[in-house]
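Now for the letters of each chain:
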Amino acid sequence: MPELRIEQLRGSEIATQIDALAAVRIAVFRAFPYLYEGSRDYEAHYLDLYVKCPRSLAILVWDGERCIGASTVLPLVDAGAEAQAPFIAGGHAIETIDYFGESVLLPEYRGFGLGVKFFELREAHAAELGLQVCAFCSVQRPDDHPMKPAGYVPNDRFWGKRGYLKAPEIVTTFSWPDIGETVSTAKPMTFWLRRLP
């Protein structure tokens with residue numbers, strides 16, 4: 001494994017690394033299934049939620065001066081309405097839930113255990129805040145999507161091994177522009193949950 005450094009930033013500290021976070025998110029989310037046509041302005045708007053929340057956490061992984069991976073988390077009560085809505089509609093106590101934003105790693109750094117580390121650090125964040133459930137969502141693309149690469153394997157098995165269960169009844173939508181587009185369109189997102197021991 002290369003010599004990597006993990007940095008943890010909380011709340012307003014995240015503002016110091018917006019460009020690094022934006023760059024790695026744009027690079028990773030350009031691939032299927034997100035197909036995200038990223039922009040610095042979109043990223044700054046999205047990440048502002050974490051900057052303004054004192055209980056948020058951003059985990060960055062550095063290879064020298066290059067940010068090669070990142071993960072974010074904040075309490076669901078501090079997250080956006082899109083994340084909260086399906087839990088409120090389903091009668092869940094959102095004040096007990098930690099919301100995992102994203103885990104992104106450049107392809108050449110996968111397979112070294114960093115994805116597991118992201119889950120461990122975010123679950124520790126939940127425990128530190130006294131939250132009982134960890135939740136994240138993933139985009140749902142049709143199986144016959146024209147940009148789905150041959151041999152594509154979703155992360156479902158990895159998430160299952162971490163103790164997360166798919167909750168098909170908890171669905172929301174997030175909007176972003178697909179590759180080659182300038183207008184954001186809504187994408188269905190399904191949640192995965194784990195109750196902490």
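Everything numeric here is computed off the predicted structure, so don't read it as measured data.

**Looking at the side chain of His 145**
Among the secondary structure elements, His 145 is positioned in the loop between strand E5 (133-139) and helix H5 (156-161). Residues contacting His 145, with those up to four places away along its chain left out, are Phe 32 and Leu 35.

**A few points about the packing of helix H1 (residues 18-29) against helix H2 (residues 40-51)**
Relative orientation of the contacting elements H1 and H2 amounts to 120°, with a least axis distance of 10 Å. Put simply, H1 runs oblique to H2. Helix-helix and strand crossings are classified by hand; for H1 and H2 the assignment is right-handed. Facing H1, whose interface residues are Ile 18, Asp 19, Leu 21, Ala 22, Arg 25 and Ile 26, H2 presents Arg 40, Glu 43, Ala 44, Tyr 46, Leu 47 and Val 51. In terms of residue class, the contact of H1 with H2 is made up of eight nonpolar, no polar and four charged.

**Quick notes on the pattern of salt bridges**
This structure, assessed with the given rule, holds 11 salt bridges. In this structure, Glu 43 and Arg 25 form a salt bridge, with 2.5 Å as the shortest nitrogen-oxygen distance. Placement of Glu 43 in helix H2 and of Arg 25 in helix H1 is noted, with a sequence separation of 18 residues between them. On the basis of relative accessibility, which here comes to 0%, the residue Glu 43 falls in the buried class. Owing to a relative accessible area of 6%, Arg 25 belongs among the buried residues under this scheme. A cluster of three or more residues bridged by salt bridges with shared partners is formed by Arg 25, Glu 43 and Glu 102.

**Remarks on the pairing of strand E3 (residues 66-75)**
Regular strands place side chains that alternate from one sheet face to the opposite one. Extensive coverage of E3 is indicated by the burial of nine of its 10 residues. Both strand E2 (residues 57-63) and E3 contribute to a ladder of seven bridges, which runs antiparallel. Bridge pairing in E3 places Asp 63 opposite Arg 66. Note: E3 against strand E4 (residues 97-105), six bridges, orientation antiparallel. Residue pairing in the sheet places Leu 74 in a bridge with Tyr 99 of E4.

**A few points about unusual backbone geometry**
In this model, Phe 32 is joined to Pro 33 through a cis peptide bond whose omega is 15°. Note that Pro 33 resides in the loop between H1 and H2.

**Quick notes on helix H3 (residues 81-89)**
Listed as buried for H3 are Ala 83, Gln 84, Pro 86 and Phe 87. An end-on view of H3 places all buried positions within 165° of arc, on one side of the element. In H3, the exposed positions that point more than 90 degrees away from the buried face belong to Ala 81, Ile 88 and Ala 89. Packing partners of the buried residues in H3 comprise E4, E5, strand E6 (165-176) and strand E7 (185-195). Once H3 ends, the next one or two residues include Gly 91, with phi positive near 80°.

**Here we look at the packing of aromatic side chains**
In total, this model carries 16 aromatic pairs according to the counting rule given. Ring centres of Phe 87 and Phe 191 lie 4.7 Å apart, and the angle between their planes is 80°; on these two criteria the pair is classed as edge-to-face. With a gap of 104 residues between them, Phe 87 in helix H3 and Phe 191 in strand E7 connect regions that are remote in the sequence. Note on Phe 191: relative accessible area 0%, which makes it buried. Members of the aromatic cluster, connected to one another through ring pairs, are Phe 100, Phe 119, Phe 136, Phe 158, Trp 159, Tyr 164 and Trp 192. A cation over a ring is seen here: Arg 122 above Phe 119, with NZ or CZ 4.8 Å from the ring centre. In this structure, Lys 187 is placed above the aromatic ring of Trp 176, and the distance from its NZ or CZ to the ring centre is 4.7 Å.

Definitions and cut-offs
- Residues numbered from 1 in each chain as written.
- Predicted model: local features only at pLDDT ≥ 70, side-chain atom pairs only at ≥ 80, totals over all residues.
- Heavy atoms only, no water.
- Helix = DSSP H or I, 4+ residues; strand = E, 2+ residues; numbered from the N terminus.
- Contact = heavy atoms within 4.5 Å.
- Axes fitted to C-alpha atoms, helices over the stretch in contact; angles between N-to-C directions.
- Parallel < 35°, antiparallel > 145°, perpendicular 65-115°, else oblique.
- Left-handed = near helix turned anticlockwise from the far one by under 90°.
- Nonpolar A, V, L, I, M, F, W, Y, C, P; charged D, E, K, R; others polar.
- Salt bridge = Lys/Arg side-chain N within 4 Å of Asp/Glu carboxyl O.
- Buried < 20%, exposed > 50% of the residue type's maximum accessible area, 1.4 Å probe, protein only.
- Pairing = 2+ DSSP bridges.
- Arc of directions from axis to C-beta.
- Phe/Tyr/Trp six-rings, centres within 6.5 Å; stacked < 30°, edge-to-face > 60°.
- Lys NZ or Arg CZ within 6 Å of the ring centre and 35° of its normal.

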